[in-house]
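Commentary on secondary and tertiary structure
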Amino acid sequence: MAEIPPILLVGFGKMGGAMLAGWRERGLAHSVAVDPVLPPVLGPDMTVVADAAAIPPGFTPEAVVLAVKPQNAEASLPLYARFSGSAVFLSIMAGRTVAGMRTLLGENAAIVRAMPNTPAAVRQGISVAFPGPGVTMRQRDLCDTLLEAIGKVAWVDDEGLIDPVTAVSGGGPAYVFLLAELLERAAVEQGIPPDLARLMARQTVAGSGALLAASTEDAAVLRKAVTSPKGTTERALAVLMADDAWPALISRAIAAATARSRELAG
Ligand SMILES: NC(=O)c1ccc[n+]([C@@H]2O[C@H](COP(=O)([O-])OP(=O)(O)OC[C@H]3O[C@@H](n4cnc5c(N)ncnc54)[C@H](OP(=O)(O)O)[C@@H]3O)[C@@H](O)[C@H]2O)c1
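These notes cover the structure that comes with them. In this numbering scheme, every chain counts its residues from 1 along its sequence in written order. Reporting in this predicted model follows two pLDDT cut-offs: at least 70 for local features of residues, and 80 or more for side-chain atom pairs to be given and counted; totals over whole chains, interfaces and linings ignore these cut-offs and use all residues. Heavy atoms throughout the structure, all of them, feed into the side-chain values; hydrogens and water do not.

**Describing the pairing of strand β2 (residues 31-34)**
Each residue is placed in one exposure class: buried if its accessible area under a 1.4 Å probe, protein chains only, is under 20% of its type's maximum, exposed if it is over 50%, and partly exposed if it falls in between. To qualify as a helix, a DSSP run of H or I must reach at least 4 residues; to qualify as a strand, a run of E must reach at least 2; elements of each kind are numbered from the N terminus. The two faces of β2 match: Ser31 and Ala33 on one face and Val32 and Val34 on the other face are all buried. Once the chain exits strand β1 (residues 7-10) it traverses helix α1 (residues 14-26) before rejoining the sheet at β2, and the crossover so formed is right-handed. Should DSSP find at least two bridges between two strands, the strands are taken to pair. With four bridges connecting them, β2 and strand β3 (residues 46-49) associate as parallel partners. Paired with Val32 across the bridge in β3 is Thr47. Crossovers are marked right-handed if the path from the first strand over the helix to the second runs clockwise, as seen with the strands pointing away from the viewer.

**Focus on the nonpolar core**
In summary, soluble globular proteins display a tendency toward joint burial of nonpolar side chains. Here, the term nonpolar core denotes a set of buried Ala, Val, Leu, Ile, Met, Phe, Trp, Tyr and Cys residues that are joined through side-chain atoms within 4.5 Å. Counting 31 residues, the largest nonpolar core has Ile7, Met19, Trp23, Val65, Leu90, Val112 and Leu146 as its most contacted members. Every element with two or more residues in this core is listed here: β1, α1, β4 (63-66), β5 (88-91), β6 (111-115) and α4 (137-148). Broken down by element, this core gets its largest block of residues, five residues, from α1. We call two residues in contact when some of their heavy atoms are within 4.5 Å. If we skip the residues at most four places from it in the chain, Leu90 touches Met19, Val64, Val65, Leu66, Val112, Ala114, Cys143, Leu146 and Leu147.

**Some points on helix α6 (residues 172-189)**
The α-helix advances 3.6 residues per turn, and as a result positions three or four apart in sequence lie on the same side. One fewer than the residue count of a helix, multiplied by 1.5 Å, yields its expected span. Compared with the 26 Å implied by 1.5 Å per residue over 18 residues, the 26 Å span of α6 between its first and last C-alpha is a close match. Looking at α6, one finds that the buried residues are Gly172, Pro173, Ala180 and Ala187. Within α6, the buried residues cover an arc of 110° as seen down the axis, which keeps them to one side. Opposite the packed face of α6, turned more than 90 degrees from it, sit the exposed residues Glu181, Arg185 and Glu189. In this fold, the buried residues of α6 make contact with α5 (162-170) and α7 (194-214). Phi turns positive, to about 95°, at Gly191, one or two residues after α6. The directions from the helix axis to the C-beta atoms are what the arc is built from.

Put into structure tokens, the structure is as follows:
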């Protein structure tokens, strides 16, 4: 018995593909994916079609997952308005508000707006979701199950919070990958051979993430455990934690991304 009912996935890209993989691991009822570049044949439990017109007649999904780029919303969302009333829409599109999507899907469309992040590809994502008006508890539970298949899920009841969520966890993996890049570069500057520098930087970021995930301690406690008084790490942290360094820079970066998310909202 499939845990997940029939789903219509619109957009089989990085995020849509990661979600589908997670659902299939849990057991997915016969579902349909739409993408102009047809993904590989996925097995007898999936129908993949190039456009909305090719969705098999009579297919009645319980959820329509909108995983196209935000700039494709105007052209593609109205093609799915006919599912409004019978299905919940789960959108992972950045910047697309529930009100904006309702103008394309129908004024009464039940829409959950969520912001996942790319560690979804290894089921280690975090999605923060907002239930729009008219979403039933059953529909919310279904969206929770769909998002839980790619990592952790949290819900907010203020849609405005999706902007800072986008800045912190939506874009967050990019900041962590930048840290790996910069550690690698600094290691090379100190004379470490490039291959070793790359290995050290990658494994330090990945291992620290795994340690954080396995621990119930605050990040600050784990940081202090590495920091002996008058030692080498303390010297580095004095540079990084100066008032005008990381504390100010991270605040400014997140504020800038939050402001950009608000600018893009529509
Ligand atoms: N990547 C992230 O970090 C991240 C995080 C949170 C949320 N999101 C959101 O997730 C969504 C998808 O992002 P992504 O990174 O997965 O992008 P992506 O890899 O480009 O995936 C989008 C997919 O949708 C397809 N597509 C385009 N027009 C379509 C249409 N009319 N009908 C059906 N499919 C169509 C695209 O095909 P073509 O390639 O042929 O155009 C592509 O395969 C975006 O709205 C983004 O804001 C992304």
